[in-house]
Amino acid sequence: MDARRDPATRSGTFRRVGEQLGINPETLRNWVVQAEIDEGNRPGTTTSDAERLAELEKEVRELRRANAILKSASAFFAAELDRPPR
């Protein structure tokens, strides 16, 4: 699709093809840009990298939550040990 490489015809190409496919031209443009990134023809975050980042961010949230629970439990049991026997 050489027309998409020419800045003068690029937006018109997305508009025409988008109309033919019933897709918003901006959505189509975003898909093409992402495909170019995934192919290595344009700088940016690839789809697989974005998925991996999302997985790692989720894991970090879960680990932080587990860490907070462990800290609370540790403080509770430390207080229990410091309490005089009954």
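The protein chain goes by Transposase in an unreviewed UniProt entry, where it is assigned to Brachybacterium conglomeratum.

**Q** Would you mind going over the overall build of the protein chain in detail, with residue names and values included?
**A** Assigned secondary structure in the protein chain consists of three helices and zero strands. At 26 Å, the protein chain has a C-alpha radius of gyration far larger than the 12 Å of a compact globule built from 86 residues. In terms of overall dimensions, the protein chain has C-alpha extents of about 85 × 25 × 15 Å along its principal axes. Buried positions account for 14% of the 86 residues belonging to the protein chain. As displayed, the protein chain offers around 7,100 Å² of accessible surface, 55% of which is attributable to carbon and sulfur atoms.

**Q** Residue-level account of the UniProt feature "coiled-coil region" (unreviewed entry) in the protein chain, with values.
**A** According to UniProt, the feature "coiled-coil region" (unreviewed entry) maps to residues 46-73 in the numbering used here. Each end of residues 46-73 is marked by a C-alpha atom, and these two atoms are 41 Å apart; helix forms 96% of the span and strand 0%.

**Q** Give me the lowdown on a negative patch on the surface, citing residues and values where you can.
**A** The grouping of D38, E39, D49 and E51 at the surface amounts to a negative patch. With respect to the helices and strands, the residue E39 is situated in helix 2 (residues 25-39). According to the relative accessible area criterion, E39 is exposed, its value standing at 55%.

**Q** Describe in detail the environment of A66, supporting the description with residues and values.
**A** Along the chain, A66 falls in helix 3 (residues 47-82). According to the relative accessible area criterion, A66 is partly exposed, its value standing at 35%. Separated by 49 residues in the primary sequence, A66 and V17 place their C-alpha atoms 49 Å from one another.

**Q** Quick rundown of the packing of aromatic side chains? Include the residues and the values.
**A** What characterises a pair of aromatic rings is the spacing of the ring centres plus the angle enclosed by the ring planes. Inspection of the entire model under this criterion finds one aromatic pair. Arranged with centres 5.1 Å apart and planes meeting at 75°, the rings of F76 and F77 form a pair that is edge-to-face. Exposure remark for F76: the relative accessible area of 47% places this residue in the partly exposed category. Residue classification places F77 among the exposed positions, given a relative accessible area of 51%.

Parameters at a glance
- Residues numbered from 1 in each chain as written.
- Predicted model: local features only at pLDDT ≥ 70, side-chain atom pairs only at ≥ 80, totals over all residues.
- Heavy atoms only, no water.
- Helix = DSSP H or I, 4+ residues; strand = E, 2+ residues; numbered from the N terminus.
- Rg over C-alpha atoms; globule rule 2.2 N^0.38 Å.
- Buried < 20%, exposed > 50% of the residue type's maximum accessible area, 1.4 Å probe, protein only.
- Areas by Shrake-Rupley, 256 points an atom, 1.4 Å probe, with all protein chains shown as cover.
- UniProt positions renumbered as here; feature names shortened; annotations may be inferred.
- Patch = residues over 30% accessible without salt bridge, like charges linked within 9 Å, V, L, I, M, F, W, Y side chains within 5 Å.
- Salt bridge = Lys/Arg side-chain N within 4 Å of Asp/Glu carboxyl O.
- Lys, Arg positive; Asp, Glu negative; His and termini not counted.
- Charge placed at Lys NZ, Arg CZ, Asp CG, Glu CD.
- Phe/Tyr/Trp six-rings, centres within 6.5 Å; stacked < 30°, edge-to-face > 60°.

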